Amino acid sequence: MIIKNLKIVLKDKVIENGYLKIDGKTIKGIFEGEYKGEESAVDGGGRIAMPGFIDIHIHGSNNIDFMDATKDDYKVIAKGLYSEGVTTFLATTLTSDNNSLAKVCKAVKEAKNDVPSLGGIHFEGPYISAKHKGAQNEAFIRNPDIDELKELQELSGNNVRYIALAPEKDGALDFISEARKIGVVCSAGHTDATFDDVEHAIGAGLTNTTHTHNAMSGHHHRNPGVVTAAMYFNELFTEVICDGIHVCPNTIKTFYKIAGPDKFMIITDALQAKHSTVDTFQLFGLDCVRKNGAAYLTESEGGNLAGSLLNFDRGIRNVREITNCSLIDVMKISSYNQAKSLKLNDRGELVAGKLADFVLMDESLNLKQVYKLGEKVFEND
């Protein structure tokens, strides 16, 4: 398949007029200029082409929470995420008991072959700080346990890709070092770590920060915390919920200017109420309510922000409007950085030999078409 008449966003330049050649599930080639071949081609209508988006932090959608999802549920969620341009996602858990995490591991292992956009599991907790628990259930918080993680990794069929933890907890540095050996990316999240704690954790293998600014020690001129470290250390990829609610636009603008497009990663942190009409629901035993465009714990549960209802493509447009970033930067913060962070070397940029996961958008970054493994999975023409 050839798609011509495209503006193609690459890592180092934008091809103003070019075409893509797709061979089965992979990109065969990317070419600059007008297509003049004899093979029939699809007219891209001058749309912007960039790699499919990667959401590494999402808890559910379509009134389905990944803590309870079945194989068929994953198919439903994946279809909804295609409408946002998301061609890879990590099923994100909550701080919970071992049996519940094991249940997610079994479900992901079963669903993986039938849901090509399912990239694996993101454990958010349970090794976090009670001080910054946010909407996590404190009853299940515990210290890092590498044996538990190894058992869950084996149970999942090696599909655990990412874990958020508090690096200041007892045993965290050894845990991070061992987790990296079994292919799990470690991120500082729900944490009261100091700047020095983060620096030591980077030495052990920490590479990310979780929903930066939310549920973590902040930037302070005498007591710098995780936010300061996220701005300073080039080794850290930084998740940011870009709904304009969890982090205000001016903070996004400032943080983006400092952290830069090579570290910044858009996430949704979306909960099950996304793509749903439900107004109340439970988050692993905690009552939540839809309010003012996001999800909150009920007042009886403390009233904290619980998560977003953000669509990924809306997050991209938000960041573009707030920062006036370039198309190349949009590509980096929506896909390339996520793939690089997770070492997903087969996706995240439009390059010959990589998976044919890509989106076509208009100049306002509205989605028009989405392709997964060379097949069109969403159209909005």
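The notes below deal with the structure included here. None of the values given here were measured: they were computed from a predicted structure. (Residues numbered from 1 in each chain as written. Predicted model: local features only at pLDDT ≥ 70, side-chain atom pairs only at ≥ 80, totals over all residues. Heavy atoms only, no water.)

**What to know about the pairing of strand 3 (residues 26-32)**
Remember that side chains alternate between the two faces of the sheet whenever the strand is regular.
Item 1. Pairing geometry for strand 2 (residues 14-23) and strand 3, over six bridges, is antiparallel. Within strand 3, the position partnered with Tyr19 by the bridge is Phe31.
Item 2. Between strand 2 and strand 3, which pair antiparallel one after the other, the connecting turn spans two residues, and Gly24 there sits at a positive phi close to 65°. (Pairing = 2+ DSSP bridges. Helix = DSSP H or I, 4+ residues; strand = E, 2+ residues; numbered from the N terminus.)

**Section: the environment of Gly225**
Item 1. As for its position among the elements, Gly225 is in the loop between strand 12 (208-209) and helix 6 (226-232).
Item 2. For Gly225, a relative accessible area of 1% gives the class buried.
Item 3. Separated by 142 residues in sequence, Gly225 and Leu367 place their C-alpha atoms 37 Å apart. (Buried < 20%, exposed > 50% of the residue type's maximum accessible area, 1.4 Å probe, protein only.)

**Focus: the sheet that holds strand 3**
Item 1. Strand order in this open sheet of seven strands is 3-2-1-4-19-20-21, and the pairing throughout is mixed. Looking along the sheet, the strands with just one partner apiece sit at the ends: strand 3 and strand 21 (375-379). Pairs of neighbouring strands in the sheet enclose a mean axial angle of 35°, with direction left out of account.
Item 2. Of the strand pairs in this sheet, strand 4 (residues 42-51) and strand 19 (residues 358-361) are connected by four bridges, and their pairing is antiparallel. Along strand 19, the bridge assignment pairs Ala49 with Leu360. (Axes fitted to C-alpha atoms, helices over the stretch in contact; angles between N-to-C directions.)

**Some details on the packing of aromatic side chains**
The geometry of an aromatic ring pair is captured by the separation of the ring centres together with the interplanar angle, meaning the angle of the planes.
Item 1. In this structure the tally under the stated criterion is 12 aromatic pairs.
Item 2. Relative to Tyr74, the ring of Phe66 has its centre 5.2 Å away and its plane inclined at 20°; by these criteria the two rings are stacked.
Item 3. Overall, the relative accessible area of 1% leaves Phe66 in the buried class.
Item 4. Owing to a relative accessible area of 0%, Tyr74 belongs among the buried residues under this scheme. (Phe/Tyr/Trp six-rings, centres within 6.5 Å; stacked < 30°, edge-to-face > 60°.)

**Remarks on the packing of helix 2 (residues 98-111) against helix 3 (residues 146-155)**
Item 1. Look at helix 2 against helix 3: their axes get within 8 Å of each other, and the N-to-C directions meet at 30°. Considering their axes alone, helix 2 and helix 3 lie roughly parallel with respect to each other. As helix 2 packs across helix 3, the resulting crossing turns out to be right-handed. Across the interface between the two elements, Asn98, Leu101, Ala102, Cys105, Lys106 and Lys109 from helix 2 touch Glu148, Leu152 and Leu155 from helix 3.
Item 2. Split into classes, the residues belonging to the contact of helix 2 with helix 3 amount to five nonpolar, one polar and three charged. (Parallel < 35°, antiparallel > 145°, perpendicular 65-115°, else oblique. Left-handed = near helix turned anticlockwise from the far one by under 90°. Contact = heavy atoms within 4.5 Å. Nonpolar A, V, L, I, M, F, W, Y, C, P; charged D, E, K, R; others polar.)

**Section: the nonpolar core**
Soluble, globular proteins show a tendency: their nonpolar side chains are buried together.
Item 1. Membership of the largest hydrophobic core comes to 95 residues, with the highest contact counts inside it found for Met50, Phe53, Tyr74, Phe89, Phe123, Leu149 and Phe264.
Item 2. In terms of residue count, helix 2 provides more of this core than any other element does, seven residues in total.
Item 3. Leave out the neighbours within four places in its chain, and Phe264 touches Thr238, Val240, Cys242, Ile252, Phe255, Tyr256, Val319, Ile333 and Asn337.
Item 4. In this structure, Ile3, Leu10, Leu350 and Tyr371 belong to the second largest nonpolar core, which totals 14 residues. (Core = buried A, V, L, I, M, F, W, Y, C linked by side-chain atoms within 4.5 Å.)

**Regarding the sheet that holds strand 16 (residues 286-291)**
Item 1. Pairing is antiparallel in the open sheet, where four strands are placed in the order 15-16-17-18. Single-partner strands in this sheet number two, and they are strand 15 (280-283) and strand 18 (305-308). Shown here is a sheet whose adjacent strand axes are inclined to one another by a mean of 35°, direction ignored.
Item 2. The pairing of strand 15 with strand 16 spans four bridges and is antiparallel. Across the sheet, the residue bridging to Thr280 is Val289, located in strand 16.

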